[in-house]
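# Close look at the chain arrangement
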Amino acid sequence: MSARVTDEMLTIAEIIADLKVPRATFYRWRQLGKAPRSIKLPNGDVRIRRSQYERWLAEQEDAA
């Protein structure tokens, strides 16, 4: 298996499906600064790098 050349960009829909949380919960986390770091594209869409998401998940585990 080859090393990943680019960091996959995930949509909010993919993130909330993986976390099994309502969209409103995820947006509340974003407002509170408790969500994974994200990128806002020029068209207004939001993407989250898989590496940022995985790092954020690990931080949540350590915080618990």
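## So, the packing of aromatic side chains
For the coordinates displayed, the defined rule picks out four aromatic pairs. Plain terms: the ring middles of Tyr 53 and Trp 56 are 6.3 Å apart, the flat faces sit at 20 degrees to each other, and that makes the pair stacked. Residue Tyr 53 and its partner Trp 56 are located together in helix 3 (residues 50–63), separated by three residues, close to a single helical turn. Under the relative-accessibility criterion, Trp 56 is labelled buried at 9%. Connected via pairs of aromatic rings, a cluster forms that spans Phe 26, Tyr 27, Trp 29, Tyr 53 and Trp 56.

## Focus: unusual backbone geometry
Glycine aside, residues mostly have negative phi, and peptide bonds are mostly found in the trans state. At Lys 20, a position not held by glycine, the phi torsion is positive, near 60 degrees. Structurally, the position occupied by Lys 20 is in the loop between helix 1 (12–19) and helix 2 (23–32).

## Notes on the environment of Ala 13
Mapping Ala 13 onto the fold places it in helix 1. Among the residues examined, Ala 13 registers a relative accessible area of 39% and is labelled partly exposed. Separated by ten residues in sequence, Ala 13 and Arg 23 place their C-alpha atoms 7.8 Å apart.

Conventions we followed
- Residues numbered from 1 in each chain as written.
- Predicted model: local features only at pLDDT ≥ 70, side-chain atom pairs only at ≥ 80, totals over all residues.
- Heavy atoms only, no water.
- Phe/Tyr/Trp six-rings, centres within 6.5 Å; stacked < 30°, edge-to-face > 60°.
- Helix = DSSP H or I, 4+ residues; strand = E, 2+ residues; numbered from the N terminus.
- Buried < 20%, exposed > 50% of the residue type's maximum accessible area, 1.4 Å probe, protein only.

Without other data, these values stay purely geometric and don't point to any function.
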